[in-house]
Amino acid sequence: VSVGAPGMRPRAAASLTQSWVPLMPAISARSLKHWGGHTPGFGLRLGKGGRRCSRGAVAAVASGADGEPKVWEEVVETGEHGFKKVIMEVDLGGQTLRLETGEVGRLAAGAVIAKQGESVVYTTACGDLDLNKEEVIEDFVPMSVHYQERSSAAGKTKGGFVKRDGRPSDDEVLVSRIIDRTLRPMFPPGFCREVQILSWVLAYDKNANPDPLALISASAALLSSAIPFDIPVAGVAVGMDSAGNYVVNPTREFLSTSPINLFCSGTEDSVMMIEGAADFVTEEQMMGAIDAGMKAVTKICKGLALFAAKVQEVRGETSLTQLCRTPNDTLFEAMEAQMGTMMYDACRTGKTSKRDVYSAVFGLEKVAKKLFIYDKKDAGEELPAGWEIDVKNTFKKFAAETMRQQAKTEDCRVDGRSCREVRPISVAMRPLPSSSVHGSALFTRGETQALATVTLGDAGSRQRTDTLDGENSKRFYLQYNFPPSCVGECGRVGAIGRREIGHGNLAERGLMAVIPSEAEFPYTIRLESLITESCGSSSMGSVCGGCLALYDAGVPLKRAVAGVAMGLLLPENLKRGNELDKATIMKTMEDEAVILTDILGLEDALGTMDFKVCGDAVGISAFQLDIKCEGLSTSLLKRALEQAKEGRLHMLFHMLKAQPKPATELSPAVPKMTTVTVPQSAIGKIIGPGGANIRALIEEFGLTNIDIQETGTEGVVTISSKSAISNAAAEDKVRFMVQEASNFSPSTARGSRSGVAEAEVGKIYEGCSIVGVHPFGCFVELFPGKEGLVHVSELDVRRIDNVEAEFKVGDTMPVKVLALKDRAGKLRLSRKAALQGEQMVEEPSI
């Protein structure tokens, strides 16, 4: 028995003799609405005689119009089990996205397998759904998201002693953050039960990026579960080809070289989150990429709505909306009536100090609690469950709305700035001594401050990570640190958190587009940003401070870049849970929204949007959007992008006034680098057993590092140290080791040739021509085609301190062959023995 419908992809058992039997299953009203009120075609395929295969299916198939999502039910029998599966397929630019549920992970509240190409992602959603549990009321959703790329998905085993997949990589954390930031705003008000999303990449196809699959399957798992989550959300990756065409869900390899690398998520009709990097594309190109992504997101969301309706129909489950406590809506008007004047004054203090601003606004929270909690209790009034949380949340909404009204009507913010005004900027170049630090800068914007330092190194300093695509090596990387002291608090200090990984990644991507190529600047670049003060957008402070520190270090950046954080204040009744339709909400939102440049921490906490944009006057290099409502219109995003350009140009003016261009000289503390090209056959000799020779070279010459990169038939040895003299001495030693390995003279590029006679042990060869002179000795030609090294210790009976001063290329000398070292004909030669006329002493071959 197999599954199918007209226009659908053939299934595995299509070779059976089949017949169509009409079938009309129940369809939800939501599904009928999608099909335009018309009943879609359904059918049941039976094998010959109605017999079942070992893995058969009885299916109800809903076949949509061409290009539209298709959702159907399968009953799959495997062994002694019968699984009721629900499947959704949708075409995305020639690629088929497939969702399945009902066979795997049946004990989870929701479990979905997403497939595209040969990539397979399995995601589960679980929650605390006990209706009899004593309610713990919070003002947030305690949700955790964990995404893991299993090494077995790419047919690999984890390196090191522990073979189990363990601590998530930075890339896995970033995908987890994308899922979290997209889903969190979509939970209904009043829901505060624990939720956990787990997502595993089970199979990896390089031609199918698993990142969007993780978000889509997480959304599908929540929608098809009893967890209250009723609005479909989806996400796609968007790139741009060489012709300027937008490509939805391209490969990771394509995105790594694309002028735009965008991840866009949203609902059927609004944007929820965007994140990515770009090679200085214009605001118009960025909006084009967002529009292209949203078209695909809309199609997927329609399929998710059908998928969720069918799953709940098959399971006989419904969303447990009774777990959502209804917040009290009357508090806002009461609070506005009793505290309106006080809040108005608090929101126009004009003070720039973070303490003063927070004290003025949140100091009134005590008044609100007294009026609406303590006074009512003292009066003997019994307060309903969750009343204190309602007072807390309503106070925040009240403060945000007051701030919005003042900004809208008076163009005045809580610290006295206008909506487009940037806080005061100060720059201190080279605050740390260049004798030890390669480059540094202190960037201050208002009360947000970043101390950026640059460390330059060789290839051995690169950041290496193991991914499903193999080992990844980063020549430039930024490490962001946000200690609790930067906000005046005590807190945990230890392993880096998810927030720091996300902020550091954004700042790194903002600067990546201006990093010079390795041919232009061979150093590995490590940039650290230590946040010493934070009152809004420390990641953008890291971009500005990092750019200046790179200038101070002498890194020839392609151009200077700056970053700015944009905020948004929306009317509280437009964020969620009102009676207006979505079109009306979007139109009113555009009219009433207030966009803020360079937001304070308070405006970030109480506002609706945090939109960070990096770039210069030409275009955008990185961006990130997070919101706290059901979505934004693209026209509102366009306004924010245009206003962000003004802000970053203002910052660039102050930055370039402090440091107009990169320093012309590197710090004396920067390691000196020397490269030597060697034949591949000599690499093993240079490395030595277990790296013994390299360690000996580093210790002998006081080097920082020796790195070897293989390039085809050759190897490139990079020697690093604080002294050019040490580099030169180590280079000579490396060349000597190459000669020992291959008996090859780098001076003449000749050497032993097949058919050339062997030298005779004990014989003195007169008039041997010198073909190469080095500090460690001279290369001589015994006779045509046979060359060898006379080490400095064998040049004379006396000590020779400077070989180059006493011997020249083209001079001649007598040489005695002391020994043949091995069967390859490598020689041990001595001018000293020839001058002394010693008797031949044959040494044993090695």
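As the structure is a computational prediction, the values presented were derived from the model and not from experiment.

1. As for the pairing of strand β17 (residues 448-457)
Alright, step 1. For β17, the tally of buried residues reaches eight of ten residues, placing the bulk of the element in the interior.
Alright, step 2. Across seven bridges, the pairing between strand β16 (residues 439-445) and β17 is antiparallel. For G439, the partnering residue across the bridge sits in β17 and is V454.
Alright, step 3. Once β16 ends, the chain turns through two residues before running back antiparallel as β17, passing G446 with a positive phi of about 60 degrees.
Alright, step 4. As paired strands, β17 and strand β21 (residues 524-533) are joined by nine bridges and run antiparallel to one another. Bridge pairing links A450 to I531 in β21.

2. Observations concerning the environment of Q659
Alright, step 1. Among the structural elements, Q659 can be located in the loop between α14 (634-658) and β26 (672-679).
Alright, step 2. Overall, the relative accessible area of 15% leaves Q659 in the buried class.
Alright, step 3. The contact partners of Q659, leaving out residues within four places of it in the chain, are M429, L548 and Y551.
Alright, step 4. In terms of polar contacts, Q659 uses its side chain to reach the backbone carbonyl oxygen of K661, at 2.9 Å.

3. Regarding the nonpolar core
Alright, step 1. Ranked by size, the top nonpolar core spans 173 residues in total, and within it L183, I290, F611 and L632 carry the most contacts.
Alright, step 2. By residue number, the principal contributor to this core is helix α5 (residues 283-315), which donates 14 residues.
Alright, step 3. Once residues within four sequence positions are removed from consideration, I290 is found in contact with L262, C264, V271, I274, T634 and L637.
Alright, step 4. With 19 residues, the next largest nonpolar core counts I770, L795, V815 and V817 among its residues.

4. A look at the pattern of salt bridges
Alright, step 1. Inspection of the entire model under this criterion finds 44 salt bridges.
Alright, step 2. Here R98 and E100 are joined by a salt bridge, their closest N and O atoms 2.5 Å apart. Neither residue differs from the other here; R98 and E100 are each classed as buried.
Alright, step 3. Across the pair D139 and K392 runs a salt bridge, and its minimum N-O distance is 3.2 Å. Here the residue D139 occupies a position in the loop between β8 (119-127) and β9 (143-149), and K392 occupies one in helix α9 (residues 387-410), the gap between them amounting to 253 residues.

5. Looking at the side chain of D598
Alright, step 1. Tracing the sequence through the fold places D598 in the loop between β23 (594-597) and α13 (601-606).
Alright, step 2. At 2.9 Å, the side chain of D598 and the backbone nitrogen of R423 are in polar contact.
Alright, step 3. Beyond its immediate sequence surroundings of up to four residues, D598 is in contact with R413, R417, E421, V422, R423, R445, V564, A565 and E603.

Definitions and limits used
Residues numbered from 1 in each chain as written. Predicted model: local features only at pLDDT ≥ 70, side-chain atom pairs only at ≥ 80, totals over all residues. Heavy atoms only, no water. Buried < 20%, exposed > 50% of the residue type's maximum accessible area, 1.4 Å probe, protein only. Helix = DSSP H or I, 4+ residues; strand = E, 2+ residues; numbered from the N terminus. Pairing = 2+ DSSP bridges. Contact = heavy atoms within 4.5 Å. Polar contact = N/O pair within 3.5 Å; in protein donor to acceptor, adjacent residues only side chain to side chain. Core = buried A, V, L, I, M, F, W, Y, C linked by side-chain atoms within 4.5 Å. Salt bridge = Lys/Arg side-chain N within 4 Å of Asp/Glu carboxyl O.

None of this, on its own, says anything about what the molecule does.
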